[in-house]
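The primary structure of each chain is shown beneath.
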Amino acid sequence: MIRQLVRDWRSSEMRLLLLALVVAVTAVTAVDFFADRIDRAIRARATALFGADLVVTSSRPVSPASFALAEKLGLKSVSTVAFPSIALAGDASLLVKVEAVGEGYPPRGRLEVSDDPERPGQPVEGIPAAGEAWVEARVLHRLGLKLGDSLSLGDSRFVVSRLITFQADAGGSVFQVAPRLMIALSALPATGLLTPMSRARHKLLVAGEASAVTDFRAAVKPGLKRWEGLRSVDDGRPEISAALDRATRFMRLASILTIVLAGAAVALAIRAFGRVESRRVAIWRGLGATRTWIRRYYLRRLAVLVLLATGVGGALGFVAQFGLAGLLGDWLGVPLPGASAWPLFAGLVTALLSLFGFALPPLLALSRTSPMRVLRADAQPVLPSVWLSLASMSLASFAFLVWQAGGPRLAGLVFAGVLAVVVAMFLAAWSLAAVARRFAMGRAAGWRLGVANIVRYRRRSALLMAAFGVAFLVLVLLGGVREDLIDTWRSSLPEDAPNHFLVNIQRHELPNLRAFLRQRGIQRFRLYPMVRGRLLWRDGKPIGSADYSGERAKRLVSREFFLSAAEALPTANKLIAGRWPVAGETSGFSVESGIAETLGLGLGDVLGFDIAGRRLRLPITSLREVQWDSMQPNFFVMTHPDALKAFAKSYITSVYVADGDAAFTTDLVRRFPAVTDLDVRVLLTRIRRIISRVSAAVEFVFGFSLLAGIAVLLAAIQTQRAERRQEIAVLKTLGASRRQLQAAVASEFLLLGALAGFLGSGLAVLGGWLLASQVFDLDYQPPLLSWLAGTGLGALLLGGIGWWVVRGIVRVSPARLLREMR
Amino acid sequence: MTLDYLIEARQLCKQVRNGEQWLTLLRDVDLGIRQGEVVAIVGASGSGKSTLLGLLAGLDVATRGEARLLGESLGALDEDERARLRAGRVGFVFQSFQLLAGLTALENVIAPLELLPRDDERRGDPEALARAALAEVGLNERLRHFPNQLSGGEQQRVALARAFVVRPAVLFADEPTGNLDARTGARVIDLLFDLQRERGVTLVLVTHDESLAGRCDRCYLLTDGRLSGEAGR
């Protein structure tokens with residue numbers, strides 16, 4: 001076995017085969033390892049934001065049985081109580097959300113606090129001591145306090161000792177109006193605030209082993225009282241998962257295309273391998289080896305190759321994903337979980353699929369080699385039926401695409417694209433023949449020979465063009481999409497992206513607020529009206545959480561929506577169906593497509609909202625996609641301003657406050673005491689960092705595709721090496737000079753490259769447009785210039801490779817070349 | 001040296017490196033071949049026949065000594081100059097035919113014509129010349145066949161057509177019947193000699209077949225790299 005491996009390593013065809021397989025396996029495992037870890041990290045991060053694995057919520061104290069159960073199952077459990085109350089400091093008073101938390105809060109994620117309003121927060125262990133309160137910065141602003149001052153809450157006084165900068169279990173919405181004030185649960189009774197009549201929210205937060213959590217849920221769920229609920233972690237914040245989602249989709253696509261390329265390289269390398277091996281097979285067959293023996297022999301050899309490729313590729317993939325993970329650093333806020341072994345299996349399947357799908361037909365054909373080949377050196381090796389090869393390759397790639405793309409749509413798109421380009425390349429090479437002959441008339445011998453070669457070796461030219469064209473298509477496509485992706489991300493969050501949200505602006509404050517903002521040099525802002533409404537009817541029938549089975553849908557439908565209005569589609573929104581609501585009788589709602597899908601809503605459905613006891617009924621006239629990471633106020637449901645005229649509403653806007661304007665918040669609060677200012681700079685910095693890190697990760701994965709593209713080219717050229725050597729030897733003997741031969745091969749490759757580049761990048765432009773619009777939801781300007789550049793680059797690249805390939809051969813004396821061929 | 005000789009060798013030596021050792025393939029070979037002569041070089045396998053042929057044709061360079069072809073000293077020319085010297089003036093026939101597998105019979109014969117300079121009058125209409133050359137070897141029905149669709153004898157006839165189509169001054173043939181059965185081989189040799197006579201080409205034939213050597217004007221015997229003597233007819 002080892003000896004065979006060493007022998008195989010000496011064969012350049014085997015080395016190429018191994019290279020192609022290793023590239024494929026590395027790409028798949030690296031992306032899989034990475035995606036797997038990221039996926040689990042996102043879950044973990046979401047859990048960290050959620051503060052627990054599972055939460056029992058209740059409007060009365062949570063039953064002691066639940067505590068006991070959690071303890072029995074070895075779960076960490078912490079109870080909290082939250083309720084609105086008034087905090088007093090001197091003459092000032094403020095509505096706050098009091099949160100009384102037990103020891104060990106939060107069981108998941110962390111709490112970050114700061115001792116200095118000017119400094120960022122640090123994670124903290126523990127909870128406020130008795131007699132201390134930790135508050136959001138807004139509390140200090142509003143009450144005119146500084147750290148160390150005290151405030152009253154009910155019958156107790158608390159020293160404000162720290163600022164809360166980040167809190168798990170913050171409960172989602174950034175539009176939380178009342179600022180938080182946190183005290184220890186043990187300090188709550190003394191305040192005398194909590195009576196059976198209080199509007200308090202009791203929670204039991206549990207966290208621990210996944211299986212124990214599952215058991216806990218199973219045991220608690222059936223016994224839930226009317227006033228109790230069970231909540232588990234949902235996805236992370238939409239603005240962060242949107243960026244990440246695109247990145248994983250891109251990586252997935254890049255790894256798929258890398259496999260397609262690697263598969264092509266395998267197919268080409270196995271052809272070259274078959275040619276070389278057919279003589280050996282002929283000798284064996286002459287010596288009496290049966291076909292079965294030969295088949296077994298090669299299957300064994302390839303099986304070893306698969307294992308080797310899986311091992312090497314898996315190891316490389318594992319190392320590579322460390323690079324990827326390193327690029328991302330710790331922005332997720334939780335450490336990346338360790339890699340699981342699952343991607344190694346994916347690597348093995350990849351190696352098996354790409355090797356056997358692409359290589360089996362030629363190998364089976366190899367076993368049919370006639371022993372006569374020993375006697376006739378010029379006899380051609382047996383080639384597999386073209387249809388069988390195509391069918392096998394198509395089946396393998398399609399199976400792979402469906403598996404990796406996670407659905408037939410992207411798989412179909414890629415498959416059709418690759419198929420189209422292969423067919424186009426073959427047809428083009430074929431039809432080039434006629435044109436090329438005319439072009440070659442009256443040129444120097446080298447050029448004439450080169451062009452004549454394209455015409456004469458049609459099959460070879462077509463193969464080279466198809467291989468090169470596909471490689472080019474993939475690289476231009478990925479390169480283009482990657483750049484667009486990164487550009488779009490960057491431009492979605494420009495330097496002056498809004499970093500403050502102003503909420504709860506009253507109508508009468510609008511003129512003064514506008515003036516205030518303009519005075520501070522803030523010109524770009526858009527004020528959106530906002531009303532709270534509960535979705536109660538659909539097409540005239542009541543709708544409620546009982547109508548839905550999904551937890552997200554249940555929660556969405558039972559909570560209040562923020563409805564807004566605008567005369568035209570806001571930026572960062574994209575209409576995907578219907579038209580924007582107009583004024584008057586024919587007005588309607590525009591609903592975000594994601595929530596429409598979750599709630600099963602469609603165009604024409606009439607929605608009825610209850611807004612402070614009054615009804616607003618309108619049909620859905622449009623669906624839109626929302627770019628959640630845009631830092632603009634975004635709404636699930638919008639309508640025309642006229643439709644909201646009759647309702648009491650507040651306004652919201654987001655503005656960019658320059659770093660130098662330190663007094664912004666203080667001045668704002670002083671002039672508009674009711675307006676809430678939400679500083680989202682921390683969130684913004686996080687998103688920015690994600691984007692830059694994810695862009696780097698995307699570039700990294702793109703590197704694999706480049707490698708695979710190179711493997712394809714090498715393989716394509718490898719298949720023709722023996723033929724070209726003989727050709728060059730004979731022509732040299734007949735009197736061709738090095739210059740002529742170099743010119744011949746270079747011109748042949750140059751022309752093929754130009755055509756392949758033209759077709760490949762042309763199709764890439766088309767594919768890019770399809771991908772951008774169908775998969776990544778990006779606006780895409782077809783880069784026509786890159787089409788031209790692709791043509792030139794193709795010519796240069798393949799011309800250069802051609803020159804490089806023959807460079808070595810033309811130096812060898814014809815006598816030696818002929819000797820080698822005997 | 002005399003200008004009478006179209007091909008000439010003086011103290012020709014060829015050594016190759018085999019690992020640490022130097023292997024001598026040819027030692028001090030002297031020979032001279034006049035225009036129109038038919039000369040055989042005979043010898044056992046591994047005696048250095050093909051090496052000598054390669055040196056005489058300028059396919060390889062000698063380690064020592066001098067080889068002259070068509071009045072030019074091959075040692076003084078670089079590889080491209082030697083190639084130019086051969087183009088259109090030297091033809092080859094090989095034991096393993098060396099037809100280009102991807103090309104049809106007709107295209108194989110056109111190949112040497114395309115290497116001629118554009119203003120060379122022999123180029124004429126390459127396709128017509130190639131057709132005529134194939135007709136002469138009796139293959140006018142096989143123009144569009146690829147080498148693997150032709151028998152060994154047919155392939156060697158295509159090789160002959162390719163060698164003669166440029167009307168060369170010299171033709172080197174390396175075991176031209178080595179891959180053919182006796183009958184086919186004899187027919188190919190008859191054809192070779194007919195064409196040689198018709199065109200007055202100088203023919204250098206490497207063979208181990210003594211009866212074939214017997215049909216030549218002169219015969220050299222090569223043993224262990226040494227040209228041991230000249231056997232007259």
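Rules used throughout
- Residues numbered from 1 in each chain as written.
- Chains lettered and ligands numbered in written order.
- Predicted model: local features only at pLDDT ≥ 70, side-chain atom pairs only at ≥ 80, totals over all residues.
- Heavy atoms only, no water.
- Helix = DSSP H or I, 4+ residues; strand = E, 2+ residues; numbered from the N terminus.
- Buried < 20%, exposed > 50% of the residue type's maximum accessible area, 1.4 Å probe, protein only.
- Contact = heavy atoms within 4.5 Å.
- Areas by Shrake-Rupley, 256 points an atom, 1.4 Å probe, with all protein chains shown as cover.
- Polar contact = N/O pair within 3.5 Å; in protein donor to acceptor, adjacent residues only side chain to side chain.
- pLDDT = per-residue confidence, 0-100.
- Salt bridge = Lys/Arg side-chain N within 4 Å of Asp/Glu carboxyl O.
- Axes fitted to C-alpha atoms, helices over the stretch in contact; angles between N-to-C directions.
- Parallel < 35°, antiparallel > 145°, perpendicular 65-115°, else oblique.
- Left-handed = near helix turned anticlockwise from the far one by under 90°.
- Nonpolar A, V, L, I, M, F, W, Y, C, P; charged D, E, K, R; others polar.
- Buried area = accessible area lost by both parts, 1.4 Å probe.
- Arc of directions from axis to C-beta.
- Pairing = 2+ DSSP bridges.
- Phe/Tyr/Trp six-rings, centres within 6.5 Å; stacked < 30°, edge-to-face > 60°.
- Lys NZ or Arg CZ within 6 Å of the ring centre and 35° of its normal.
- Core = buried A, V, L, I, M, F, W, Y, C linked by side-chain atoms within 4.5 Å.

A. Representation of the overall build of chain A within the structure. When you go through chain A residue by residue, the secondary structure sums to 22 helices and 22 strands. Across the 822 residues that make up chain A, the buried fraction comes to 53%. Contacts in chain A between residues at least 24 apart in sequence constitute 83% of all its contacts with a sequence separation of at least 6. Carbon together with sulfur atoms contributes 60% to the accessible area of chain A, which is approximately 35,700 Å² in total.

B. Main features of the side chain of Ser622(A). Residues and elements named next belong to chain A. Mapped onto the elements, Ser622 comes out in strand S19 (residues 614-626). For Ser622, the side chain forms a polar contact with the main-chain oxygen of Arg579, separated by 3.4 Å. Other than its neighbours up to four places away in sequence, Ser622 contacts Leu575, Ala577, Gly578, Arg579, Trp580, Pro581, Phe589, Ser590, Val591 and Leu603.

C. Spatial organisation of the confidence of the model for chain A. Looking at chain A as a whole, the pLDDT averages 78, with 83% of positions reaching at least 70. For residues 171-175 of chain A, every residue scores under 50 in pLDDT, and the model assigns this stretch 8 contacts once sequence neighbours within four places are set aside.

D. Spatial organisation of the confidence of the model for chain B. Of the residues in chain B, 97% have a pLDDT of 70 or more, and the chain-wide mean is 87. Averaged pLDDT values over the elements of chain B bottom out at 68 in strand S10 (residues 226-232) of chain B and peak at 93 in strand S4 (residues 64-69) of chain B.

E. Up close: the side chain of Asp605(A). Residue and element names in this part refer to chain A. Structurally, Asp605 is set in the loop between helix H16 (593-599) and strand S18 (606-611). A relative accessible area of 13% means that Asp605 is categorised as buried. The residues touching Asp605, leaving out its near neighbours within four places in the chain, are Arg538, Asp539, Gly600, Leu618, Pro619 and Ile620.

F. Fine view of the pattern of salt bridges. Counted under the stated rule, the structure contains 25 salt bridges over all chains. Between Asp149(A) and Lys146(A) there is a salt bridge, with its nearest N and O atoms 3.8 Å apart. Given the relative accessible area of 22%, Asp149(A) is considered partly exposed. A relative accessible area of 55% means that Lys146(A) is categorised as exposed. A salt bridge links Arg218(B) to Glu37(B), with the nearest nitrogen and oxygen atoms 2.7 Å apart.

G. Structural context of the packing of helix H3 (residues 105-114) of chain B against helix H5 (residues 152-164) of chain B. Residue and element names in this part refer to chain B. The contact between H3 and H5 brings their axes to 8 Å, and the two run at 30°. Classed by the angle they form, the pair H3 and H5 counts as roughly parallel. Once H3 is placed against H5, the crossing between them reads as right-handed. Where H3 approaches H5, its residues Ala105, Asn108, Val109 and Pro112 are matched on the opposing element by Val158, Ala161 and Arg162. Among the residues making up the contact of H3 with H5, the classes are represented as 5 nonpolar, 1 polar and 1 charged.

H. A look at the interface of chain B and chain A. Listed as interface residues are 33 residues of chain B and, on the opposing side, 36 residues of chain A. Carbon and sulfur atoms make up 51% of the surface buried where chain B meets chain A, a total of about 3,000 Å² over both sides. Along the contact surface separating chain B from chain A lie 2 salt bridges. Between Glu79(B) and Arg738(A) there is a salt bridge, with its nearest N and O atoms 3.6 Å apart. Our count for the chain B to chain A interface comes out at 6 residue pairs in polar contact (both at pLDDT 80 or more). Sorting the residues of the side of chain B that touches chain A by element identifies helix H2 (79-86), H3 and H5 of chain B as the ones contributing at least two each. When the residues that make up the side of chain B that touches chain A are grouped by side-chain class, the tally is 16 nonpolar, 6 polar and 11 charged.

I. Here's a closer look at helix H4 (residues 126-136) of chain B. For H4(B), the complete set of buried residues consists of Pro126(B), Ala130(B), Ala133(B) and Leu134(B). Projected onto a plane normal to the axis of H4(B), the buried residues spread over an arc of 95° and lie on a single side.

J. Spotlight on the pairing of strand S2 (residues 76-89) of chain A. Residues and elements named next belong to chain A. Relative to strand S10 (residues 201-207), S2 is paired through 7 bridges, and the arrangement is antiparallel. From the neighbouring strand, Ser79 faces S10, where its bridge partner is Leu204. In the sheet, S2 pairs with strand S3 (residues 92-101) via 10 bridges, with the strands oriented antiparallel. What sits directly across from Val81, in S3, is Ala100. Where S2 folds back onto S3 in an antiparallel hairpin, the turn is made up of 2 residues, including Gly90, whose phi is positive at roughly 60°. Of the strand pairs in this sheet, S2 and strand S7 (residues 150-153) are connected by 2 bridges, and their pairing is antiparallel. Bridge assignment links Ala87 to a residue of S7, and that residue is Leu153.

K. Quick look at the packing of aromatic side chains. Throughout the structure, instances matching the rule amount to 11 aromatic pairs over all chains. An angle of 80° between the planes, with centres 5.7 Å apart, marks the rings of Phe561(A) and Phe609(A) as edge-to-face. Note that Phe561(A) is positioned in strand S15 (residues 561-565) and Phe609(A) in strand S18, a separation of 48 residues in sequence. Both rings, one in Phe92(B) and one in Phe172(B), keep their centres 5.6 Å apart while their planes meet at 25°; by these two values the pair is stacked. With a gap of 80 residues between them, Phe92(B) in strand S6 (residues 90-93) and Phe172(B) in strand S7 (residues 170-174) connect regions that are remote in the sequence. Note on Phe172(B): relative accessible area 0%, which makes it buried. Ring-pair connections join several aromatic residues into one group, and the members of that group are Phe561(A), Phe589(A), Phe609(A) and Phe636(A). When the ring centre of Trp537(A) is taken as reference, the NZ or CZ atom of Arg615(A) above it lies at 3.7 Å.

L. Quick look at the nonpolar core. Within the largest apolar cluster, 141 residues are counted, with the highest numbers of intra-cluster contacts made by Leu355(A), Leu52(B) and Phe172(B). If one sorts the elements of this core by residue count, helix H7 (residues 238-286) of chain A sits on top with 17 residues. Leave out the neighbours within four places in its chain, and Phe172(B) touches Ile7(B), Leu53(B), Leu56(B), Ala57(B), Leu69(B), Val90(B), Gly91(B), Phe92(B), Val93(B) and Val204(B). In this structure, Leu113(B), Leu171(B), Ala173(B) and Val201(B) belong to the second largest nonpolar core, which totals 43 residues.

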